[in-house]
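Residue-level structure breakdown
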Amino acid sequence: MLMVDILGQMRIRTDCDSEGESNRSSMRQIIDHSHMATALAIFACFPGRVVEIDRLIELMWHGRPTRTARQGVHVQVSKLRKIFTDLGGDGSAVIRNAKNGYLLDDRLVTLDVQLFTEQVRQAHSAHRVNDPVASLKLFDNALSKWHGRPFSGIDLPSELGRHIESIERIHLSAREGRIEVLINMGAGRELIPELESLIRHDPFQEFLHGCLMIALSRSGRRSEALRLYQNFARHLNHELGIPPGAEIRHIFESILSGRDISRMWVNPLDHGHHEEHDLTA
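Predicted model only: the values in this text are computed from it and were never measured. Throughout, residues of each chain are indexed from 1 in the direction in which the sequence is written. Given that the model is predicted, a residue must reach a pLDDT of at least 70 before its local features are reported, and side-chain atom pairs must reach 80 or more before they are shown or counted; all residues, however, enter totals for whole chains, interfaces and linings. The side-chain quantities take in all heavy atoms of the structure and omit both hydrogens and water.

1. Structural notes on the overall build of the protein
- Secondary structure elements follow DSSP: runs of H or I of four or more residues count as helices, runs of E of two or more count as strands, with numbering from the N terminus. Looking only at helices and strands, the protein features eleven helices and seven strands.
- For the protein, with 281 residues in total, the buried portion stands at 48%.
- Considering only residue pairs separated by 6 or more positions, the protein has 64% of its internal contacts joining residues 24 or more positions apart.
- All accessibility values rest on the Shrake-Rupley procedure with a 1.4 Å probe; residue burial counts only the protein chains present in the view. When the accessible surface of the protein is summed, it comes to about 14,200 Å², and 48% of that surface belongs to carbon and sulfur atoms. For every residue, the accessible area obtained with a 1.4 Å probe (protein chains only) is divided by the maximum for its type, and the residue is called buried under 20%, exposed over 50%, and partly exposed between those limits. We call two residues contacting when some pair of their heavy atoms lies within 4.5 Å.

Following this line, the structure appears as structure tokens:
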């Protein structure tokens, strides 16, 4: 199976699931040449859908096409087809001619983001039915596929930015979901650095603050957990004019009274941060 990786540095490779396969199974090609990389990124954003040549020209040349742009599209597609062929596929079948454009045939190539997204979805589903072991394994498998910001190093047209944002939201939901599973399994101290890092990027995220309060409390840092809540409540009131929600108040009151918190939320995922996203919408 041919793979296109977009999570981190973009590359085309052959999938290698078993030991002892031939050398061909480990072949890969990093795609970092400007126009060719942009073309592949566009196809990867719309797998199984026709991308018209005029649209490719507009996106690849950022709305400022040259006189030879149409020929340039055909040249870059030809180069991509050659890479797919060199890796054992049929390049002309992988990127098919279609009416007024081209189509990346997702029956012949798999995107790492498709595997990532599906495993995150399955992990959330396992968590909803209270299967923490399966959920944690799926979250870990999904997150092992994350090698950095999607299309890293590629100068993507701004119109495709929403695809990156959607993938990054799924990544965040996976990290949050994994943390929630571990909190519910009794974890504490080991989650503090990751939670602190996430909060620095999203200081209004109530769910993360609640998790960090629990982790601090379980690590013998009860006073820090209480102070975290108080600072968060003041920050919410000052910046947004709203009080903390019922869930985090419950965590605060439990820590204040010395009660154990065995689960993060009464109903898993009700805090609304684990959405599913359609990357092709």
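Anyway, onward from the coordinates.
2. Details of the sheet that holds strand β5 (residues 95–98)
- Here, strands pair whenever DSSP counts at least two bridges between them. Pairing within the open sheet is antiparallel, and its three strands lie in the order β4-β6-β5. Each edge of the open sheet carries a strand with a single partner, namely β4 (50–52) and β5. Neighbouring strand axes in the sheet, compared pairwise and without regard to direction, differ in orientation by 35° on average.
- Under this scheme, a helix contributes an axis fitted over its contacting stretch, all axes are lines through C-alpha atoms, and angles between N-to-C directions fall in the 0 to 180 degree range. In the packing of helix α1 (residues 34–45) onto the sheet, the strands contacted are β4, β5 and β6 (101–104), and the crossing angle to β6 comes to about 65°.
- Against the sheet, helix α3 (residues 69–86) contacts β5 and β6, and its axis sits at roughly 140° relative to β5.

3. Description of the packing of aromatic side chains
- Each Phe, Tyr or Trp ring, with Trp reduced to its six-membered ring, pairs with another whose centre is within 6.5 Å; inter-plane angles below 30 degrees give stacked pairs, above 60 give edge-to-face pairs, and intermediate values give tilted ones. Summed over the entire model, instances satisfying the criterion amount to three aromatic pairs.
- Plain terms: the ring middles of Phe43 and Tyr102 are 6.5 Å apart, the flat faces sit at 85° to each other, and that makes the pair edge-to-face. Placement of the pair is Phe43 in helix α1 and Tyr102 in strand β6, with a sequence separation of 59 residues.
- Looking at Phe43, the relative accessible area reads 1%, which means it is buried.
- Plain terms: the ring middles of Phe116 and Trp146 are 5.6 Å apart, the flat faces sit at 45° to each other, and that makes the pair tilted. With Phe116 in helix α5 (residues 112–128) and Trp146 in the loop between α6 (132–143) and α7 (161–184), this residue pair connects regions lying 30 residues apart in the sequence.
- The exposure class assigned to Trp146 is buried, which follows from its relative accessible area of 17%.

4. Looking at the sheet that holds strand β2 (residues 11–14)
- Taken together, four strands build an open sheet; the order of strands is β3-β2-β1-β7 and the sheet is mixed. The sheet is open, and its two edges are formed by β3 (28–30) and β7 (109–111), each paired on a single side. The mean angle between the axes of side-by-side strands here comes to 20°, regardless of whether they run parallel or antiparallel.
- Pairing between β2 and β3: three bridges, direction antiparallel. Following the sheet pairing, Ile12 is matched in β3 by Gln29.
- α3 rests against β1 (2–5), β2, β3 and β7 of the sheet, and its axis sits at about 25° to β2.
- On the sheet, α5 packs against β1 and β7 and is oriented at approximately 55° with respect to β7.

5. Some thoughts on the pattern of salt bridges
- Here, a salt bridge means any side-chain nitrogen of Lys or Arg that lies within 4 Å of a carboxyl oxygen of Asp or Glu. A full pass over the atoms with the stated rule returns twelve salt bridges.
- With a shortest N-O distance of 2.4 Å, Asp54 and Arg70 are connected by a salt bridge. Here Asp54 is found in helix α2 (residues 53–60), whereas its partner Arg70 is found in helix α3, with 16 residues between them in sequence.
- Judged by its relative accessible area of 48%, Asp54 is partly exposed.

6. Some words on the nonpolar core
- Phe84 and Phe151 are the most contacted members of the largest nonpolar core, which totals 85 residues.
- For this core, the element with the highest residue contribution is α1, accounting for nine residues.
- The contacts of Phe151, once residues within four sequence positions are left out, are Ile6, Gly8, Met10, Ala41, Ala44, Cys45, Leu156 and Ile164. We define a nonpolar core as any set of buried Ala, Val, Leu, Ile, Met, Phe, Trp, Tyr and Cys residues linked to one another through side-chain atoms lying within 4.5 Å.

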